[in-house]
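If you want the building blocks of each chain, they are given just below.
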Amino acid sequence: MTVRSILTARSSSPAAPAPSADSSPTTSSPTTAPDTSSSPTHHGARHLLLTSRRGPNAPGADTLHTELTALGAHIRIAACDAADHDALADLLTTIPHTHPLTAVIHTAGIVDDGIITALTPDRLTTVYRPKIDAALNLHHLTQNHHLTHFILFSSASGILGNPGQANYAAANAFLDALAHHRHTHHQPATSLAWGWWG
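Just so we're clear, the structure is a prediction, and the values are computed from it rather than from any experiment. (Residues numbered from 1 in each chain as written. Predicted model: local features only at pLDDT ≥ 70, side-chain atom pairs only at ≥ 80, totals over all residues. Heavy atoms only, no water.)

### Description of the overall build of the protein
Logical step 1: Within the protein, the secondary structure is distributed over 6 helices and 6 strands.
Logical step 2: The linear arrangement of helices and strands in the protein, starting from the amino end, is β-α-β-α-β-α-β-α-β-α-α-β.
Logical step 3: For the protein, the residues scored as buried account for 46% of the 198 residues in total.
Logical step 4: Put simply, of all contacts in the protein between residues at least 6 apart along the chain, 74% involve residues at least 24 apart.
Logical step 5: Carbon together with sulfur atoms contributes 58% to the accessible area of the protein, which is approximately 9,500 Å² in total. (Helix = DSSP H or I, 4+ residues; strand = E, 2+ residues; numbered from the N terminus. Buried < 20%, exposed > 50% of the residue type's maximum accessible area, 1.4 Å probe, protein only. Contact = heavy atoms within 4.5 Å. Areas by Shrake-Rupley, 256 points an atom, 1.4 Å probe, with all protein chains shown as cover.)

### Points about the nonpolar core
Logical step 1: Grouped together as the largest cluster of nonpolar side chains are 21 residues, with contacts concentrated most on Leu-88, Leu-101, Val-104, Phe-150 and Leu-152.
Logical step 2: By size, the runner-up hydrophobic cluster in this structure holds 9 residues, among which are Leu-48, Ala-73, Ile-75 and Ile-77. (Core = buried A, V, L, I, M, F, W, Y, C linked by side-chain atoms within 4.5 Å.)

### What about the confidence of the model for the protein?
Logical step 1: Scored by pLDDT, the protein comes out at a mean of 81, with 77% of its residues at no less than 70.
Logical step 2: Segment residues 10–34: pLDDT under 50, and 65 contacts once partners within four positions in sequence are set aside and those in other chains are kept. (pLDDT = per-residue confidence, 0-100.)

### A short note on the packing of helix H4 (residues 121–141) against helix H6 (residues 166–184)
Logical step 1: Remark: H4 packs on H6, axes separated minimally by 9 Å, with the N-to-C direction vectors making an angle of 10°. Here H4 lies roughly parallel to H6, going by the angle between them. Facing Arg-123, Leu-124, Val-127, Tyr-128, Lys-131, Ile-132, Ala-135, Leu-136 and His-139 of H4, the residues of H6 in contact are Asn-167, Tyr-168, Ala-170, Ala-171, Asn-172, Phe-174, Leu-175, Leu-178, His-181 and Arg-182.
Logical step 2: The residue makeup of the contact of H4 with H6, split by class, is 12 nonpolar, 4 polar and 3 charged. (Axes fitted to C-alpha atoms, helices over the stretch in contact; angles between N-to-C directions. Parallel < 35°, antiparallel > 145°, perpendicular 65-115°, else oblique. Nonpolar A, V, L, I, M, F, W, Y, C, P; charged D, E, K, R; others polar.)

### Observations regarding the pairing of strand S4 (residues 101–106)
Put simply, side chains in a regular strand alternate between the two faces of the sheet.
Logical step 1: Burial of S4 is extensive: 6 of the 6 residues sit out of reach of the surface.
Logical step 2: Both S4 and strand S5 (residues 149–155) contribute to a ladder of 4 bridges, which runs parallel. Directly across from Ala-103, in S5, lies its bridge partner His-149. (Pairing = 2+ DSSP bridges.)

### Re the packing of aromatic side chains
Logical step 1: Per the counting criterion, the structure on display carries 1 aromatic pair.
Logical step 2: With 5.3 Å between their ring centres and 55° between their planes, Phe-153 and Trp-194 make a pair best called tilted. Of this pair, Phe-153 sits in strand S5 while Trp-194 sits in strand S6 (residues 190–194), and the two are 41 residues apart along the sequence.
Logical step 3: Overall, Phe-153 belongs to the buried group, its relative accessible area being 1%. (Phe/Tyr/Trp six-rings, centres within 6.5 Å; stacked < 30°, edge-to-face > 60°.)

Right, dumping it as structure tokens:
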């Protein structure tokens, strides 16, 4: 299952700890969910809203739901393209007040590699939309939520570059810049510049 965003809500139980500053999924790839098998529940996240374009119909969604439920989490998997501003806004209104949104983890990882002269507007959009547009929507639409975490899956390519990945490098550099922007406005943000996922 490709998970684009994980929106977490803290448990209303006073015994559940708030997510710690160093909690985050440990791995992600374009075709698998991040390793959320223990991190969210270990750090107090008991209510998870997992989103992807195909939602519960995505391959692996049932397995992920079962695994996280077995760890004590309440899971909802929703079909929502986070790059669609209105669809994301509608989804956020469905989060119950009893379990307010406290963390956003944006995990989009998509490539459309090619040398610069081969990068058409469509090939830029393929990468920019799920990474940049979705991150911006999450940033803007969660301004009225009291977030403790806003985590972006970036890439070392945004810092080091990588042959044939100008669009991917630019998108990840943007995520790093968005995290910096949020910090300058005293908002939580972590941009994880992942290395090779293989």
